[in-house]
Amino acid sequence: MPERIVMIGAGPVGIRFAEELLPLVSEGRATVTVLGAETADPYNRVLIAELAVGEATASELTLATASALPGVDLRLGARVARIDRETQRVELADGSTVAYDRLVLATGARSIIPSLDGLETLGPDSTGLDTRLTAGVCVLRDMADAEQVRSVVERGGRVVVLGAGVLGIELAMLLADAGAIPSVAHFGPMPMPRQLDRGSASILSTALASAGVTLVPHTRAEGVIGVEGDDGIRRFRALASSDGKRIEGDLLVLSCGVRARTELAEAAGLRIGNGVLVDSSLRSWSDPRIFAIGDCAHIADPAEYLHERQVPGGPAGLVGPGWRQASWLAASIAAELDDDAVDNGFVDEHPGVVVLKGELVDIASAGDVSADPFAPVPAGEISPGIAVWADPEHGTYVKMATRDGILTGFVAVGMPRAAAELSVLYLRGGELPADRSLLLRLDDPDADAVGPAGRDATLCICNAVTVGQIKDAIDDGCSSVAEVGDCTRAGTGCGGCRARITELLHAHAGAVA
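The paragraphs below set out a description of the structure included in this document. Computed from a predicted structure; not experimentally measured. Residue numbering note: each chain is counted from 1, following its sequence as written. This being a predicted model, a pLDDT of at least 70 is required before a residue's local features are given, and a value of 80 or more before pairs of side-chain atoms are given or counted; all residues contribute to the totals for chains, interfaces and linings. For side-chain calculations, the full set of non-hydrogen atoms in the structure is used, while hydrogens and water are omitted.

**Description of the sheet that holds strand β23 (residues 354–356)**
Spatial strand order, β23-β24-β27-β26-β25: five strands in an open sheet with antiparallel pairing. Looking along the sheet, the strands with just one partner apiece sit at the ends: β23 and β25 (385–391). Direction aside, the axes of adjacent strands within the sheet are offset by 15 degrees on average. By definition in these notes, contact holds between two residues if any of their heavy atoms fall within 4.5 Å. Inter-axis angles, ranging from 0 to 180 degrees, are taken between N-to-C directions of lines fitted to C-alpha atoms, where helices are fitted over the stretch in contact. Helix and strand assignments come from DSSP, with helices taken as H or I runs of at least 4 residues and strands as E runs of at least 2, each series counted from the N terminus. Across the sheet, helix α11 (residues 416–428) touches β24 (363–367), β26 (396–403) and β27 (406–413), and the angle it forms with β27 is around 155 degrees. If DSSP finds at least two bridges between two strands, the strands pair.

As C-alpha cells, this is what we get:
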C-alpha cells in the first residue's frame, strides 16, 4: 500500500517538497496531498514586492499548477482546521478529512502586526488565516496585499513603510523606482541593523535619499490616523509617533518581522519553540509521524534541549534553507521506503548570505560585521581581523571579518563582484587572500571577471546552483534569465543573483560574437 503523505502549505517550500516526491508518486509508492488555504495557484511569495510595483506578473511568480504536479492531489482553498494525531487525520474547514501516514507542515510565517492606536482588525481575510486591517494598511504577504500597493503605485502615491529590515528597504527602493513616493519609518538609528554596520548603513542611507526614499529614524510608532470617506470607510492617512511626528501617506505597509505559523501544531499538542520543534531529521519532537520544514520549522537537538523552557535558535527566515530542507526530507523518505540507511540528519551547508535586491544599490551581507576595528580589546580576548574599504563619495564599502584568516562575516555595498567572491569564500569557509585589495579590484570597470571565480562557486545561494551549471545551461541554448531559471532553478528564489546571471549571459554573447 502506498505511503500517504499529506503536506499542509502550498508555498515555495511545500511545492518544492511535492516536486521532489514526484518519482515516488509516479512509481505508485506514495500518494501526496498538498493542502493550500489560498485559491490562487502556488506562487513565489519572496517576489511579491516585485509583483506589487509591476516588475513581475502573476504568471512569472507561479510555482506550479495541478498539471505540473502529475499524480499529486493539489487542493487550493483548503484551509486546515485541526490535526487529529490519534486517528492520523487532518480535518479541513469544510468538515472533510484527509488521512495520513506522514504529515509535513510547511505553514510558513505570518507578519507581525504591531499594536498601534487606531489600527483596526476587521475580521478574517479570504483565506481565514490572517486578519484584514484598516483600509489602506497591509503587510505585503499575498496577492491581495500586492494589489493594494499596485493601486497606489500606479497613481504615484505616497507609501509609508514601517520597518527598515531587508524587506522594508527592498520595497522602498522598488517603490521609488516605480514612481511612488516612499517613506521608511524605523525605531533605530540606521536601516537593516541586523545585516549592516555603521559605515555600510551610512552608504545605503545616502543612496536611498538620492533616489527619493525618505528615511525617518528613531521613530517609535504609536498610532494610525484615519479619515472616514464619503462611503463610510475609514482609511489610513498618517502614521503617528511618540515624539509627535506625523508621516502622511496613502498607504501604510507594515514590515515589522514575521512569526512562524504554529497554531495548528500547538493545538495538536506538538512542542513549540520559535517554530515547530523538530530534530535533525526534521521530525517533530512530539510525534514521529509529523515533520516541519521552512519558516515554521525550528531545528534543535531534543537530547540537549528537551527539558529546557527556552530553546535557542529558530527558522532561518530565508527561502534557500527551506528548499534544501524540502529536498533533504523527500530524499530521506524515499530512502526509508527503500529500507536504505538514512544519513545523520539535515545539515545546511550554505550559511545565510543576505542579498538586497534593487537597481539602486547592490548589497550583500553575511555573518557578524559589528566589530569595530579600532575598539580596544579586553585582556585575554582575541578580536577578529577586520579589513575595511570605504569610498562614500562613490557609494562603495566593504568590510571583512576573519578568524585565523578564515572569512567569518562581510558586508559589501556597491561592489557586486567583490560581494560575489566574498559570498563564495564565506559559503566555503574559505581564507581571504593576504592582499585584501585583490578583492576590491574585481569591481574595476576594466576587470575581466564576470562572477565568482571557478565553475564550482555557488552563484545562486537559494538553490545552490554553481557558476558551472549556469554556464552549461547557457552553452546549451538558454538565452535569458528566465530560461536559465527554468533549466537550473537559478534566480527563482530571492532574485538576488539575477544580475550575475545576466553578466554571464552577456559574456557568452560577447564571446560568440
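Now, onward.
**Concerning the sheet that holds strand β16 (residues 234–241)**
Overall, antiparallel pairing links the three strands, which are arranged β15-β16-β17 in an open sheet. Two strands bound the open sheet, and with one partner strand each, they are β15 (221–228) and β17 (246–248). Direction aside, the axes of adjacent strands within the sheet are offset by 35 degrees on average. Bridge count between β15 and β16: seven bridges; the pairing is antiparallel. Across the sheet, G226 pairs through a bridge with F236, a residue of β16.

**Considering the packing of helix α1 (residues 12–20) against helix α10 (residues 319–337)**
α10 packs onto α1 with a crossing angle of 30 degrees between their chain directions and a minimal axis gap of 8 Å. With respect to α10, the element α1 is oriented roughly parallel. The interaxial crossing formed by α1 with α10 has right-handed handedness. Facing P12, V13, R16, F17 and E20 of α1, the residues of α10 in contact are V319, G322, W323, A326, S327, L329, A330 and I333. Angles below 35 degrees are treated as roughly parallel, those above 145 as roughly antiparallel, those between 65 and 115 as roughly perpendicular, and all remaining angles as oblique. Crossing handedness follows the turn of the near helix against the far one: under a right angle anticlockwise gives a left-handed crossing, and clockwise gives a right-handed one.

**A look at unusual backbone geometry**
In this structure, L140 takes a positive phi of about 55 degrees despite not being glycine. Looking at the element boundaries, L140 is found in the loop between β11 (137–138) and α5 (143–154). Whether a residue is buried, partly exposed or exposed follows from its accessible area with a 1.4 Å probe, protein chains only, as a fraction of its type maximum: under 20%, in between, or over 50%, in that order. Note on L140: relative accessible area 10%, which makes it buried. Within the chain, D404 stands out as a residue other than glycine whose phi angle is a positive 55 degrees. Checked against the element boundaries, D404 lands in the loop between β26 and β27.

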